[in-house]
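# Tertiary structure, described
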Amino acid sequence: MSGASPTTSDAPILEVSDLTTQFHTRAGVVKAVDGVSFSLHKGEIIGLVGESGSGKSVTGFSLIGLVDPPGRIVSGSVKLDGQELVGLSPAALRKVRGARIAMVFQDPMMTLNPVLTIGQQMQLALNAHEKLSKSAARARSAEALTRVGIPDAEARLDAYPHQFSGGMRQRVAIAIALLHGTRVIVADEPTTALDVSIQAQILSEMRELAREMGTALVWISHDLSTVSALADRILVMYAGRIVEEGPTAQVLRSPRHPYTAGLLRSLPAMAEPGTDLEQIPGTTPSLLNLPQGCPFRPRCDRATDLCSEAPPMTPETGRGYRCHHPLLDGTPA
Ligand code: ADP
Ligand code: MG
């Protein structure tokens, strides 16, 4: 596919190939993102899930070109509507970021300025990419707040961030991310700090927004149950790599990778009533010193000598796994 060709409706909005991001530290090279590939279509929601330290946030930052030194994207490609983002100048990236791709963080105060009203911040965000009169900016801002479920939006424009609850602050951050009709939003644990009922509300609202506006989402979470409530497709990340991917229902019903099966067994909702929840034994490996071969090998009860060779991703597109000994249908998980 050439970057200049017009995008058809089934061309992915975001195409990530072999993305590799590393931190060169005194202690050595941290392979935070190690050859990640996936594509995202209009209005699609992808859930990126894995234990803490697996490289999810660094993947998110890499997608929007916000990896700070000593981190660096060392290879691979991120194409947004056919345009290569890796290697763009900081000025060119700033034009893209906020307008066509945006990020929402766990802490909305990463986006919000405590000393400006919400209306002032939204006006600044709008003016960074468009020339609008003050009244037009206010109207657009109020509309965006209403869209994310903030009541009495016009009046709330004059409030400061601290006058909102945690859930409402996160909605404001989402509204800012959506201001320009953004095509792709990368949301990094955006509801993790919120209480469960607000979390569920925001999840279902985001789903509706993605459908209505055609915005595609990469939803990052350590929590498989959050992701499975929202995502069309799941990517399971382990030690900087995607170890399994597929449509949500398929991954939940028949996980192929022993790591995914372990994540599922540790979910309260998935356990047989009356049985104890299982924890995956061991801990996530340091991304400084990965074991040779499959990084999950030391924690895996299916591992054999074969696993000292890194398993490739299976070739089926959209439903794949990296494992020499996958759980196939009929294998007890
Ligand atoms: P997750 O979001 O899945 O919890 P991260 O993407 O934050 O994981 O981190 C992946 C790896 O990258 C971790 O091993 C972390 O220590 C490393 N890392 C992240 N930021 C830096 C940094 N600024 N310098 C060195 N290592 C980093
Ligand atoms: Mg993280």
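What you see is a predicted model, and the numbers here were worked out from it, not measured in a lab. Numbering of residues starts from 1 in each chain and follows the order in which that chain's sequence is written. To read the labels, note that chains go from A and ligands from 1, taken in the order they are written. Totals for whole chains, interfaces and linings use all residues, but because this is a predicted model, local features are given only for residues with pLDDT of at least 70 and pairs of side-chain atoms are given and counted only at 80 or more. As a rule here, side-chain values cover all heavy atoms of the structure and leave hydrogens and water aside.

## Section: the packing of helix H6 (residues 166-178) against helix H7 (residues 196-213)
- Here the axes come from fitting lines to C-alpha atoms, over the contacting stretch only for helices, and the angles between their N-to-C directions go from 0 to 180 degrees. By definition, any uninterrupted DSSP run of H or I lasting at least four residues is a helix, any uninterrupted run of E lasting at least two residues is a strand, and each is numbered from the N terminus. Between H6 and H7, the least distance of the axes is 11 Å, while the angle of their chain directions is 15 degrees. As judged from the angle between their axes, H6 and H7 are roughly parallel. You can see that H6 and H7 cross each other, and the crossing is right-handed. Between H6 and H7, the contacting residues are Gly167, Arg171, Ile174 and Leu178 on the first element and Ile198, Gln201, Ile202, Glu205, Met206, Leu209 and Met213 on the second.
- In this count, Pro and Cys sit with the nonpolar residues alongside Ala, Val, Leu, Ile, Met, Phe, Trp and Tyr, while Asp, Glu, Lys and Arg are called charged and the others, Gly among them, polar. Taken together, the residues of the contact of H6 with H7 sort by class into 7 nonpolar, 2 polar and 2 charged. Angle categories are assigned with fixed cut-offs, so that under 35 degrees is roughly parallel, over 145 is roughly antiparallel, 65 to 115 is roughly perpendicular, and the rest are oblique. Working rule for handedness: look at the near helix, and if it is turned counterclockwise from the far one by less than a right angle, call the crossing left-handed; if clockwise, right-handed. Note on definitions: a residue-residue contact is assigned when non-hydrogen atoms from the two residues lie within 4.5 Å.

## Some points on the side chain of Thr21
- The residue Thr21 is located in strand S1 (residues 14-25) in this model.
- Definition of a polar contact: a pair of N or O atoms within 3.5 Å, with one able to donate and the other able to accept a hydrogen when the atoms are protein atoms, and with sequence-neighbouring residues admitted only if both atoms are side-chain atoms. Within the structure, Thr21 has its side chain in polar contact with the side chain of Ser62 (distance 2.9 Å).
- Excluding anything up to four places from it in sequence, Thr21 contacts Val30, Lys31, Ala32, Val33, Val58, Ser62, Val67, Arg72, Ile73 and Val74.

## Remarks on the nonpolar core
- In plain words, nonpolar cores are sets of buried Ala, Val, Leu, Ile, Met, Phe, Trp, Tyr and Cys residues tied together by side-chain atoms within 4.5 Å. Accessible area is worked out with a 1.4 Å probe on protein chains only. A residue is then buried under 20% of its type maximum, exposed over 50%, and partly exposed in between. Formed by 86 residues in total, the largest nonpolar core has its most connected members in Leu14, Phe38, Leu63, Met122 and Leu145.
- Other than its neighbours up to four places away in sequence, Leu63 contacts Leu14, Val16, Leu19, Phe38, Val78, Leu85, Ile101, Val186 and Val218.

## Notes on the sheet that holds strand S8 (residues 216-221)
- A pair of strands is labelled paired if DSSP reports no fewer than 2 bridges between them. With respect to topology, 7 strands assemble into an open sheet ordered S6-S7-S8-S3-S9-S10-S11, the strand pairing being mixed. The strands lining the two open edges of the sheet, one partner per strand, are strand S6 (101-104) and strand S11 (320-321).
- Sheet topology note: the S6/strand S7 (residues 184-188) ladder contains 4 bridges and is parallel. Bridge assignment links Ile101 to a residue of S7, and that residue is Val184.
- On top of the sheet, H6 reaches S6 and S7; it is set at about 170 degrees to S6, its chief contact.
- Strands in contact with helix H10 (residues 258-265) are strand S9 (233-238) and strand S10 (241-247); relative to S9, the strand with the most contacts, it is inclined by about 105 degrees.

## Some remarks on the sheet that holds strand S4 (residues 71-80)
- Strand order in the open sheet formed by 4 strands is S2-S1-S4-S5, and the pairing between neighbours is antiparallel. Each edge of the sheet is formed by a strand with only one pairing partner; in this case those strands are strand S2 (28-40) and strand S5 (83-84).
- With 2 bridges joining them, S4 and S5 adopt antiparallel strand pairing. Bridged to Lys79 within S5 is Glu84.

## Some details on the site of ligand 1
- By nearness alone, 13 residues border ligand 1, and Gly53, Gly55, Lys56, Ser57 and Val58 come closest of all.
- Within the side chain of Ser57, an N or O atom sits 2.9 Å from an oxygen atom of ligand 1.
- Areas reported as accessible are Shrake-Rupley estimates using a 1.4 Å probe. Residue values count occlusion only from the protein chains shown. Protein contacts shield 64% of the accessible area of ligand 1, which totals 560 Å² for the unbound molecule.
- Residue assignment for the shell around ligand 1 shows that the elements contributing at least two residues are S1, S2 and helix H1 (56-63).
- It is H1 that provides the largest number of residues to the shell around ligand 1, a total of 3 residues.
- Of the residues assigned to the shell around ligand 1, the class counts are 5 nonpolar, 6 polar and 2 charged. Residue proximity to a molecule or strand is established when one non-hydrogen atom of the residue lies within 4 Å of it.

## Notes on the environment of Ala239
- Tracing the backbone through its elements, the reader meets Ala239 in the loop between S9 and S10.
- When its relative accessible area of 3% is taken as the criterion, Ala239 is described as buried.
- With 48 residues separating them along the chain, Ala239 and Leu287 place their C-alpha atoms 6.4 Å apart.
- Apart from the residues lying within four places of it in its own chain, the contact partners of Ala239 are Ser54, Pro285, Leu287, Leu290 and Pro295.

## Structural notes on helix H4 (residues 134-147)
- What a helix is expected to span follows from its residue count: subtract one and scale by 1.5 Å. With 14 residues, H4 ought to run about 20 Å at 1.5 Å a step, and its terminal C-alpha atoms sit 20 Å apart, in line with that.
- Within H4 the residues assigned to the buried category are Ala137, Ser141, Ala142, Ala144 and Leu145. Down the axis of H4, the buried set is contained in an arc of 160 degrees. They therefore lie on one face.
- Tucked inside the fold, the buried residues of H4 contact helix H3 (118-127), helix H5 (153-156) and H6.
- Gly149 occupies a position one or two residues after H4 and carries a positive phi of about 85 degrees. The directions from the helix axis to the C-beta atoms are what the arc is built from.

## Description of the pattern of salt bridges
- Only one rule defines a salt bridge in this text: a Lys or Arg side-chain nitrogen within 4 Å of an Asp or Glu carboxyl oxygen. Here the structure, examined in full by the defined rule, presents 13 salt bridges.
- A salt bridge links Glu205 to Arg171; its shortest N-O distance comes to 3.0 Å. Here Glu205, found in helix H7, pairs with Arg171, found in helix H6; they are 34 residues apart in sequence, far enough to count as distant.
- We classify Arg171 as buried; its relative accessible area is 5%.

## Comments concerning unusual backbone geometry
- Cis geometry marks the peptide bond from Pro69 to Pro70; its omega dihedral reads 10 degrees.
- The topology assignment puts Pro70 in the loop between H1 and S4.
- Located in the positive-phi region is Glu189, a residue other than glycine, with phi close to 50 degrees.
- Relative to the helices and strands, Glu189 is located in the loop between S7 and H7.

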